[in-house]
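# Structure assessment
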Amino acid sequence: MKNNIACLKAAFLSCALAAAVCFSSCSGGPAAVEKTGDAFDAGNGIDSAGQTADADSTGAAADLKEISVDKPEYATGFSIKKYEGGYAELDVTDGREYFVVPEGADVPDGISASKIIIRAPLEKVYVASSSSMCRFIDTGSMDRVAYSGLRQDEWKLAEAAEAMASGQIAYTGKYSAPDYETLLTGGCDLAVENLMILHKPEVIEKLEDLGIPVFIDRASGEEEPLGRTEWIKAYGLLLGKEEEAAAAFDAQKKMYIEAESLPTAGKSVACFYINSQGLVVCPRPDSSMAKMIAAAGGVYLYPEVQTDGSRLSTMKVDMESYMAAAGEADVIIFDGAIDTVSSLADIVGKNAQLKDFKAVQENNVYISGSDAYQNSDDTGTTVHDLYLTINGQEGAEHIRKAE
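Residues numbered from 1 in each chain as written. Predicted model: local features only at pLDDT ≥ 70, side-chain atom pairs only at ≥ 80, totals over all residues. Heavy atoms only, no water.

### A word on the overall build of the protein chain
Assigned secondary structure in the protein chain consists of 14 helices and 19 strands. Within the protein chain, buried positions represent 51% of all 403 residues. The contacts of the protein chain with a sequence gap of at least 6 include a subset with a gap of at least 24, amounting to 62%. (Helix = DSSP H or I, 4+ residues; strand = E, 2+ residues; numbered from the N terminus. Buried < 20%, exposed > 50% of the residue type's maximum accessible area, 1.4 Å probe, protein only. Contact = heavy atoms within 4.5 Å.)

### A look at the packing of aromatic side chains
What the rule picks out here adds up to 12 aromatic pairs. When the ring of Tyr83 is compared with that of Phe99, the centres are 6.3 Å apart and the planes differ by 45°; the resulting orientation is tilted. In this pair, Tyr83 sits in strand β4 (residues 78–83) while Phe99 sits in strand β6 (residues 97–101), placing the two residues 16 residues apart along the sequence. Taking relative accessible area as the criterion, Tyr83 reaches 3% and is therefore assigned buried. Residue classification places Phe99 among the buried positions, given a relative accessible area of 0%. Between Tyr98 and Phe215 the ring centres are 5.1 Å apart and the planes differ by 70°, which places this aromatic pair in the edge-to-face class. Residue Tyr98 is found in strand β6, and its partner Phe215 is found in strand β12 (residues 214–216); the two are separated by 117 residues along the sequence. Under the relative-accessibility criterion, Phe215 is labelled buried at 0%. Put simply, the rings of Phe78, Tyr98, Phe136, Phe215, Trp231 and Tyr235 pair up and form one aromatic cluster. (Phe/Tyr/Trp six-rings, centres within 6.5 Å; stacked < 30°, edge-to-face > 60°.)

### A few points about the nonpolar core
One recurring pattern in soluble globular proteins is that nonpolar side chains are buried together. Ranked by internal contacts, the top residues of the largest apolar core, which has 55 residues, are Leu90, Met133, Phe136 and Phe215. If you tally residues by element for this core, the top one is helix α8 (residues 232–239), at five residues. Not counting residues up to four positions away in its chain, the partners in contact with Phe215 are Leu90, Tyr98, Leu190, Ala191, Val192, Glu193, Trp231, Ala234, Tyr235 and Leu238. Within the second largest apolar cluster, 51 residues are counted, among which are Met292, Ala295, Ala329 and Ile333. (Core = buried A, V, L, I, M, F, W, Y, C linked by side-chain atoms within 4.5 Å.)

### Let's talk about the sheet that holds strand β11 (residues 190–193)
Read across the open sheet, the five strands follow the order β10-β9-β8-β11-β12; overall the sheet is parallel. With partners counted over all chains shown, the strands left at the sheet margins are β10 (170–171) and β12, one partner each. In this structure, strand β9 (residues 145–148) lies alongside β10, joined through two bridges in parallel fashion. What sits directly across from Ser148, in β10, is Tyr171. (Pairing = 2+ DSSP bridges.)

### Some points on the packing of α8 against helix α9 (residues 242–261)
One way to put it is that α8 packs onto α9 with a least axis distance of 7 Å and a crossing angle of 165°. Relative to α9, the element α8 is oriented roughly antiparallel. The two elements α8 and α9 cross, and the hand of that crossing is right-handed. Across from Ile232, Lys233, Gly236 and Leu237 in α8, the residues of α9 making contact are Glu242, Ala245, Ala248 and Phe249. Its residues placed into classes, the contact of α8 with α9 shows five nonpolar, one polar and two charged. (Axes fitted to C-alpha atoms, helices over the stretch in contact; angles between N-to-C directions. Parallel < 35°, antiparallel > 145°, perpendicular 65-115°, else oblique. Left-handed = near helix turned anticlockwise from the far one by under 90°. Nonpolar A, V, L, I, M, F, W, Y, C, P; charged D, E, K, R; others polar.)

### A closer look at the side chain of Ser132
With respect to the helices and strands, the residue Ser132 is situated in the loop between β8 (125–127) and α3 (133–138). Among the residues examined, Ser132 registers a relative accessible area of 0% and is labelled buried. For Ser132, the side chain forms a polar contact with the side chain of Asp217, separated by 3.4 Å. Leave out the neighbours within four places in its chain, and Ser132 touches Val127, Val192, Asp217 and Tyr235. (Polar contact = N/O pair within 3.5 Å; in protein donor to acceptor, adjacent residues only side chain to side chain.)

### Structural notes on helix α14 (residues 379–390)
Every α-helix carries 3.6 residues per turn, so stepping three or four residues along brings you back to the same face. With 12 residues, α14 ought to run about 16 Å at 1.5 Å a step, and its terminal C-alpha atoms sit 16 Å apart, in line with that. The buried fraction of α14 is high, at 10 of 12 residues. Positive phi shows up at Gly392, right after α14, with a value of about 70°. (Expected span 1.5 Å × (residues − 1).)

### So, the pattern of salt bridges
What the rule picks out here adds up to 16 salt bridges. Linking Asp94 and Arg218 is a salt bridge whose minimum nitrogen-to-oxygen distance equals 3.4 Å. Note that Asp94 is positioned in the loop between β5 (88–92) and β6 and Arg218 in the loop between β12 and α7 (225–229), a separation of 124 residues in sequence. Here Asp339 and Lys350 are joined by a salt bridge, their closest N and O atoms 3.2 Å apart. Of this pair, Asp339 sits in the loop between β17 (331–334) and α12 (344–348) while Lys350 sits in the loop between α12 and α13 (358–361), and the two are 11 residues apart along the sequence. (Salt bridge = Lys/Arg side-chain N within 4 Å of Asp/Glu carboxyl O.)

### Focus on the pairing of β17
Burial along β17 is two-sided: the residues Val331 and Ile333 and Ile332 and Phe334 are all buried. Looking at chain direction, strand β13 (residues 268–274) and β17 are connected through four bridges and run parallel. For Val269, the partnering residue across the bridge sits in β17 and is Val331. Across three bridges, β17 lies against strand β18 (residues 365–368) in parallel orientation. When the sheet's bridge partners are listed, Ile332 is paired in β18 with Val365.

What follows is the structure, encoded as structure tokens:
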């Protein structure tokens, strides 16, 4: 089957590349990706009639015997089913169902039309999601990555930057504008995207037209910090690295739980950055960052503002409102992953009112690392760093004092 797909790709190369530059005018032929059924708006679970697509409750072909259903400990966005013969299924709450076929095996007869077929082993993956590369690193799977959605100088992860410098990984265009020709001619087993791809459904459609399955990482939608980290288990299944994924998750979970149990002084914490409009952007009280600050023993301060119903993890307020709520914070953690600064002077230079904050006057201002977003798996490490920072101790790996 895999050879047949390769032949199909070659046969449609010229028309597929033409279609890549005129999404709106071309409807395309039968999708090369191994998925059947009615038209489906990949990524949001809506079919062509505008109705929510139904998941197949049987999971797979009737002649496959289900061995187990693995529910994550913290994550709510996915579950894993195992079948005899090495087959497996990754069901995601957005309605996308990924069916993993072991190396050398055939797709079972009668497989549900809703399944997206992923054939093991994955050998050439396009990582368009910058928050997903760490999961390949943490499972020892960097040799599976052939294409990147970030350029070499955009990576904060040394392993990714070095792999690009050596030529192991090629820049293949950002998530919204991939180099289809390179992916097609070089061969691509899977495209890994995050939720931003939902703004570009035509990219999902084109990748699948070219026979490239699209996996959408929804970890950022998890409410619990450890739930986000637990998405590494989904990668473990897809990559055949389940033991490595479980070990990486367990290590972060252990650090997280240990930090929660340590004695603290109950210091108050402000966490924010300042955007280009001069507004303060801070985590919502129910955000992952706010929960990690609480797990580290901090008391998170935030302005009481009317919510707009947005599902964003941050809120924007003017400096006067923010100072009224958080001006007396014992510790300030400036988000250096979003707004790059190098010193306390840089931070205060963004708004003169910051010099009146208690933490600025007492020299208790810190800057989180620029690699925080790309190190999305390091939940336990982050909580440990926050504990050290909030309690005035040294040794934090990703947070430094603003001098």
